[in-house]
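Here is what each chain is made of, one letter per residue.
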Amino acid sequence: MLGPVKFDSAVKQKTVKLYGHYISVDTSYEGEKAVLSSPDLYSEEWSCVRLIYQIATTSDASPDPARLNLYLRQEGESFDRLLWSAKEPSDSWLIASLDLTNSTKKYKLVLEGEMGRDKSTSIAVFEIKITSGYCIECDFEENHLCGYVNRWNPNVNWFVGGGNIRNSQSILPKDHTLNSALGHYMYVDSVYVKHFQEVAQLISPRTTAPISGCLSFYYQLKQESSIVFTVYLRDMSGFYEEIWKTDSALNADWALAEVDFNAPYPMEVIFEVAFNSAKGGYVALDDISFSPVYCSNQTGVPFNPANAGCNFEEDLCNFYQDHKDGPGWSRVKVKRNVYRAGDHTTGFGYYLLANTKFTSQPGYIGRLYGPTLPGNLQFCLRFYYALYGFFKMSGTLAVYIFEENHVVQEKIWSVLDSPKGVWTQAEISFKKPMPCKVVFVSWCKSFWDCGLVALDDVSLSLGSCQAADLLLPTPGECTFEKDECVFTQKKRGRGSWHRKRGPTPTSYTGPKGDHTTGVGYYMYIEASNMVYGQRAYLVSRSLRGTSGKQCLTFFYHMYGAGTGLLSVYLKKEGDDEEIPLWRRTGEQSISWLRGLIEYESDTNYQIIFEAIRGVSIRSDTAIDDILFQAGPCLEVEEIQFSSGYPDSLNEIEY
């Protein structure tokens, strides 16, 4: 077992190299973890971490394979940020490239080897190197080629040129970097073409941090018949986007190409060459570089997707209604209530409601217009909706795309649910060539279809929703969708927390669905399995102590006439005392409500959620969407009382 070890490196050079040797993990300890920690590092400019590693095994696929993880441990944060993870075995050394954004905080890099259950597996690391700049930059002078790889083709491939390498039948140039025969570049030659439009692809390392600016490179194109040289972006879901293409034949000199580059989510740059014949010529590529300043001298402010979202707490943000449509959507607030659910954002805030008692006339249509979105960008639209009524309400809420001048309209989503009264998440990916607007349309077709339609927490992000779903998890966040995250139970049994989706089995208590998506998982206590006063504990693993304030947010659900007590405690390492941070007693609301806790601990600590069963079986208590964040809470919790019924309970405020 390899315990915590520090790299022996010079921090100024920010480089860790292991010449001729490698380090490996002893995988005979099933389920254990080996940890390797760097010294304190600084990155005032962007930098790139390159890791040469291998995971080897002699067995077939294991249900619990070994894994190699790389974390960023930033000063002042209790959780490490997962930068990268690998579990696929390989017969050779592999390279991983990871972008680190500039930061004024000190940080450490932490390598973690997870043994899994396969004793035939070995994990080894040959080199770790941190260099300034971006991972997609490369001059192809080093053996690892900056992590660029050729997608192998039986006939046509990218090769390393220069450095007195003469394995091509074409007369190839001096490189651009050194302008000598000793320098290197990448090239692809048509002499091996066997089929029409055979393609060679050179694939960059995948970006691991959002970057935007100018991507530039030098290329030579010697063309005897048609060559198509194209640059694409490819996201994790396999979506291709062309960003550059050669427009005509060029003479055999190095030419500079510049293209605006926007990677808000992980993606690869693909340099693709297609030949029509074996006499097509060649393409050479060198000195790929990146600048955070756009090359097209854009003077306007770049589009910010956050401006196209809204939680409706203050106003309609950048959304608006056409008054010709009538009253349309109303911004409403339901105070804490055991009959009607509140908003999705906090449980006691504002949301939009259509088909209210003021507007639900047969034939009524309410339209909510979003701000203008630029064309030719991939978007992911997410929002929460809830339906209240007695009949099937398919089609009562739809999302349209209106292109410029509202001439072209396209329906991209429509509700199919029956009313459940649960905030449910919807997500839609779309891309339009022209500027467009998202429009939420509520339609009351007939008297029997005019139930209430609620809308809240609209957000927009760049890229497809599928690509966003593949992102690494936010450190310190637990939605309980996959497991119990960093939490464990003091004891399991009848008096314990249970992971659940859908409504709880006892009527008039517990949530109808989770807070994250409406159809996902949450944790709750099943009161019918417990006795009055019985306690259930959900305990976090040991969290790293930090100086300064920390903020814990979570959502809780306490609905039922016999609801007991929900408390949150802080337990510092080495102390027997549990410090109470937050408490609620009795029935609170039929909604999920947001809890906010600001606390401090400069020593390692644990957070404990304690639920106590109330006087009857109608006392199911649930929690969901826990988030730890560094720094003070940006808001103050609205509800300060801890027990009993507030005077405003069950009031409805329009």
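Looking at an unreviewed UniProt entry, one finds the protein chain named MAM domain-containing protein 2, with Geospiza fortis as its source organism.

J.: A description of the overall build of the protein chain should follow, citing residues and the corresponding values.
T.: Secondary structure assignment for the protein chain yields one helix and 42 strands. By the burial criterion, 52% of the 654 residues in the protein chain qualify as buried. When the accessible surface of the protein chain is summed, it comes to about 30200 Å², and 51% of that surface belongs to carbon and sulfur atoms.

J.: So, the sheet that holds strand β21 (residues 281-291): which residues are in play, and what are the values?
T.: Pairing in this open sheet of five strands is antiparallel, and the strands run β13-β14-β21-β16-β19 from one edge to the other. Either end of the sheet is taken by a strand with one partner, and the two such strands are β13 (158-162) and β19 (255-263). Within this sheet the neighbouring strands show an average axis-to-axis angle of 35°, counted without direction. The pairing of β13 with strand β14 (residues 184-189) spans five bridges and is antiparallel. Looking at the pairing, G162 lines up with H184 of β14.

J.: Account for the sheet that holds strand β18 (residues 240-245), with residues named and values stated.
T.: Taken together, the five strands give an open sheet; going across it, the order is β12-β15-β20-β17-β18, and neighbouring strands pair in antiparallel fashion. The open sheet is flanked by β12 (149-151) and β18, the only strands paired with a single partner. Within this sheet the neighbouring strands show an average axis-to-axis angle of 30°, counted without direction.

J.: Now, about the nonpolar core: what can you tell me, with residues and values included?
T.: Of all hydrophobic cores here, the largest spans 73 residues; its most connected members are W158, F271, F383 and F440. Two domains each donate at least three residues to this core, and these are domain 2 (145-291) and domain 3 (305-469). When neighbours within four sequence positions are excluded, F271 is seen to be in contact with Y148, W158, A200, Q201, L202, F217, F229, T230, V231, L285 and I288. Within the second largest apolar cluster, 31 residues are counted, among which are F79, M523, I525 and F628.

J.: Help me get a handle on the side chain of T516, residues and values and all.
T.: For T516, the position within the fold is in the loop between β33 (497-501) and β34 (521-525). If near-sequence neighbours (up to four positions away) are discounted, T516 is found in contact with Y384, Q425, T479, E481, D624 and D625.

J.: Any chance you could break down the state of the cysteines for me, citing the residues and the numbers?
T.: With the rule as written, the count across this model stands at seven disulfides. A sulfur-sulfur distance of 2.1 Å marks the disulfide that ties C138 to C146. Every disulfide takes its handedness from the sign of the S-S torsion; for C138 and C146 that torsion is 80°, giving right-handed. For C146, a relative accessible area of 8% corresponds to the buried category. Paired through a disulfide, C214 and C295 show a sulfur-sulfur distance of 2.5 Å. The sign of the 105° torsion about the S-S bond sets the C214-C295 disulfide as right-handed. Here the residue C214 occupies a position in strand β16 (residues 211-223), and C295 occupies one in the loop between β21 and β22 (330-334), the gap between them amounting to 81 residues. Assessed through its relative accessible area of 6%, C214 is described here as buried.

J.: Describe unusual backbone geometry, naming the residues involved and giving the relevant values.
T.: Phi at C146 takes a positive value of approximately 60°, unusual for a residue other than glycine. Along the chain, the position of C146 falls in the loop between β11 (122-132) and β12.

J.: Hey, could you go over the pairing of strand β28 (residues 424-432) for me, with residue numbers and the actual values?
T.: Only one face of β28 is buried: it carries T424, A426, I428, F430 and K432, and the other face, with Q425, E427, S429 and K431, is open. One ladder, built from nine bridges, connects strand β25 (residues 377-388) with β28; its direction is antiparallel. The residue of β28 that forms the bridge with Q378 is K431.

J.: How would you summarise the confidence of the model for the protein chain if you had to cite specific residues and measurements?
T.: Looking at the protein chain as a whole, its pLDDT mean stands at 85, while 87% of the residues score no less than 70. The secondary structure element of the protein chain with the lowest average pLDDT is strand β1 (residues 5-6), at 35, and the one with the highest is β34, at 97. For residues 1-19, every residue scores under 50 in pLDDT, and the model assigns this stretch 49 contacts once sequence neighbours within four places are set aside. Residue range residues 640-644 is modelled with pLDDT below 50. Its contacts to residues more than four positions away, or to other chains, number 11 contacts.

J.: Go over the pairing of strand β7 (residues 67-74), please, and point to the residues and values.
T.: Across the eight residues that make up β7, a large majority, six, are buried. Bridge analysis of β7 against strand β10 (residues 103-114) gives eight bridges, and the strand direction is antiparallel. When the bridges of β10 are listed, L70 appears paired with L111. From the end of β7 to the start of strand β8 (residues 81-86), which pair antiparallel, there are six residues, and G76 there has a positive phi angle of about 90°.

J.: Explain the environment of R234 to me, using residue names and the numbers behind them.
T.: Structurally, R234 is set in strand β17 (residues 227-235). Separated by 36 residues in the primary sequence, R234 and I270 have C-alpha atoms spaced 7.3 Å apart. Among the polar contacts listed, one links the side chain of R234 to the side chain of Y240, at a separation of 2.9 Å. Within the structure, the side chain of R234 is placed 2.8 Å from the side chain of E268, a separation counted as a polar contact.

J.: Outline the environment of G520, supporting the account with residue identities and numerical values.
T.: The residue G520 is located in the loop between β33 and β34 in this model. For the pair formed by G520 and T424, sequence separation is 96 residues and the distance between their alpha carbons is 9.6 Å. When residues no more than four places from it in sequence are discounted, the contact partners of G520 are E481, K500, R501, G502 and D514.

Thresholds applied
Residues numbered from 1 in each chain as written. Predicted model: local features only at pLDDT ≥ 70, side-chain atom pairs only at ≥ 80, totals over all residues. Heavy atoms only, no water. Helix = DSSP H or I, 4+ residues; strand = E, 2+ residues; numbered from the N terminus. Buried < 20%, exposed > 50% of the residue type's maximum accessible area, 1.4 Å probe, protein only. Areas by Shrake-Rupley, 256 points an atom, 1.4 Å probe, with all protein chains shown as cover. Pairing = 2+ DSSP bridges. Axes fitted to C-alpha atoms, helices over the stretch in contact; angles between N-to-C directions. Core = buried A, V, L, I, M, F, W, Y, C linked by side-chain atoms within 4.5 Å. Domains from an automatic or database assignment. Contact = heavy atoms within 4.5 Å. Disulfide = S-S within 2.5 Å. pLDDT = per-residue confidence, 0-100. Polar contact = N/O pair within 3.5 Å; in protein donor to acceptor, adjacent residues only side chain to side chain.

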